[in-house]
Amino acid sequence: MGTVIAFANQKGGVAKTTSTYNVGVALALAGKKTLMIDLDSQASLTISAGMEPYDYENTIVSVLDKGSTPISRCTHELQPNLYLVPSRLELAQLEVVMIGRPVRETILRRAIAPVRSLYDYILIDCPPQLSILTINALASADRVLIPVKTDYLAYRGLEQLLDTVAEIRDLVNPQLTVLGVIATMYEMRVKDDREILQLLQEKYSVVATVKKLAAVKKGVCDGKAVMEQAPTNDAATEYEKVAACIMEKGGI
Ligand SMILES: Nc1ncnc2c1ncn2[C@@H]1O[C@H](COP(=O)(O)OP(=O)(O)OP(=O)(O)O)[C@@H](O)[C@H]1O
Ligand SMILES: [Mg+2]
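Criteria and cut-off values
- Residues numbered from 1 in each chain as written.
- Chains lettered and ligands numbered in written order.
- Predicted model: local features only at pLDDT ≥ 70, side-chain atom pairs only at ≥ 80, totals over all residues.
- Heavy atoms only, no water.
- Pairing = 2+ DSSP bridges.
- Helix = DSSP H or I, 4+ residues; strand = E, 2+ residues; numbered from the N terminus.
- Axes fitted to C-alpha atoms, helices over the stretch in contact; angles between N-to-C directions.
- Contact = heavy atoms within 4.5 Å.
- Salt bridge = Lys/Arg side-chain N within 4 Å of Asp/Glu carboxyl O.
- Buried < 20%, exposed > 50% of the residue type's maximum accessible area, 1.4 Å probe, protein only.
- Near = heavy atom within 4 Å.
- Polar contact = N/O pair within 3.5 Å; in protein donor to acceptor, adjacent residues only side chain to side chain.
- Areas by Shrake-Rupley, 256 points an atom, 1.4 Å probe, with all protein chains shown as cover.
- 1 Å grid on protein atoms, 1.4 Å probe; cavity = no way out; pocket = protein on both sides within 12 Å on 5 of 7 lines; lining within 4 Å.
- Sits in = over half its atoms within 2 Å of the grid points.

**Topic: the sheet that holds strand β6 (residues 143–149)**
For step 1, the next point in the chain: What the 8 strands build is an open sheet, ordered β3-β4-β2-β5-β1-β6-β7-β8; its pairing is mixed. At either margin of the open sheet sits one strand with a lone partner, and together these are β3 (76–79) and β8 (206–211). Between one strand axis and the next, the sheet turns through 25° on average, direction left out of account.
For step 2, the next point in the chain: When strand β1 (residues 3–7) meets strand β5 (residues 121–125), the two strands line up parallel, connected through 5 bridges. Note that in β5 the partner of Phe7 across the bridge is Asp125.
For step 3, the next point in the chain: Taken strand by strand, helix α6 (residues 132–140) contacts β1, β5 and β6, and its axis lies near 150° from that of β1.
For step 4, the next point in the chain: Packing against the sheet, helix α7 (residues 152–171) makes contact with β6 and β7 (177–186), and its axis sits at approximately 165° to β6.

**Quick word on the environment of Pro86**
For step 1, the next point in the chain: Relative to the elements of secondary structure, Pro86 occurs in the loop between β4 (82–85) and α4 (91–99).
For step 2, the next point in the chain: As a C-alpha pair, Pro86 and Asp120 span 34 residues in sequence and 19 Å in three-dimensional space.
For step 3, the next point in the chain: In contact with Pro86, other than residues within four places in its own chain, are Asp38, Thr46, Met51, Asn58, Thr59, Ile60, Cys74 and His76.

**With respect to the pattern of salt bridges**
For step 1, the next point in the chain: Counted according to the given criterion, the structure contains 8 salt bridges.
For step 2, the next point in the chain: The partner of Arg88 in a salt bridge is Glu90, and the shortest N-O contact between them spans 3.1 Å.
For step 3, the next point in the chain: Residue classification places Glu90 among the partly exposed positions, given a relative accessible area of 29%.
For step 4, the next point in the chain: Notably, a salt bridge pairs Lys191 with Glu195, separated by 3.2 Å at the nearest N-O pair. Taken as a pair, Lys191 and Glu195 lie in helix α8 (residues 191–203) at a separation of 4 residues, close to a single helical turn.
For step 5, the next point in the chain: Owing to a relative accessible area of 54%, Lys191 belongs among the exposed residues under this scheme.
For step 6, the next point in the chain: A residue is classified by how much of its surface remains accessible, and Glu195, at 39% relative accessible area, is partly exposed.

**Brief notes about the site of ligand 1**
For step 1, the next point in the chain: Taken together, 19 residues form the shell around ligand 1, and within it Lys16, Thr17, Thr18, Lys211 and Leu213 come nearest.
For step 2, the next point in the chain: At a separation of 2.5 Å, an oxygen atom of ligand 1 approaches a polar side-chain atom of Thr18.
For step 3, the next point in the chain: In isolation ligand 1 exposes 630 Å². Once the protein is present, 83% of that is buried.
For step 4, the next point in the chain: Among the detected pockets, ligand 1 sits in the largest pocket.
For step 5, the next point in the chain: Within the residue set of the shell around ligand 1, elements represented by two or more residues are α1 (16–29), β8 and α9 (214–222).

**Some points on the environment of Asp193**
For step 1, the next point in the chain: Here Asp193 is to be found in helix α8.
For step 2, the next point in the chain: For Asp193, a relative accessible area of 8% gives the class buried.
For step 3, the next point in the chain: Along the sequence, Asp193 and Ile146 sit 47 residues apart, while their C-alpha atoms lie 17 Å from each other.
For step 4, the next point in the chain: Discounting residues that sit within four places of it in the chain, Asp193 has contacts with Thr150, Met185, Tyr186 and Glu187.
For step 5, the next point in the chain: A distance of 2.9 Å separates the side chain of Asp193 from the backbone nitrogen of Glu187, its partner in a polar contact.

In structure tokens:
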């Protein structure tokens, strides 16, 4: 049975999508069959993977819509061992409809169930809100990874996310646990960043620290993960560390 991992943080721009994609590629390169699900109407993960959202009819929208299309029909192969369920803008409208449905928290969990045994890992890229979509991701997940920028407001936003995780665990998904925090966009020269990283390390389990580096950004417009275009880059090593942590401690 594949482990489902949500990359979640209600704060915007903390590298959820970048982390999902790079960890997905790292797991695939390590020989693990990995499915990534783009759960954000901005479709950033879809674009990062080099796909054009409007070229595809079968997306996460068809999976979550009433009379849902099986997720297997909305899954696209990116490279050996790496698969993606893409997103598109209409997911924003669907969200409103989802809120009106009974048992709305487990729509994604029920959709994933038939394919769980086909993959080693299923990674979910969450949108930047504690919306019904993020709740669906947390209700489906065995583990949560929390990308967080090394700045004070991002640090302060973590408690709210952890409260939500605890509530989902109590109410709908008892096996949900936090695998750890990925410190992102770290700038060692900046004193604030060093202090926040230390606070994060004291309070949470920091599985990797990814520096703010041009190579990470460049990978997005090239449709390539950092370990593919710059294998010796520090960010590549850190994302491989996250993948190793998942393989070591992420199992269920
Ligand atoms: N380590 C890094 N160094 C430099 N730039 C980075 C790094 N990680 C991410 N970025 C850039 O920061 C921006 C935000 O990253 P990303 O889209 O992954 O965040 P997000 O949390 O998914 O955002 P959103 O909340 O909008 O979904 C992107 O332009 C990305 O290329
Ligand atoms: Mg994103």
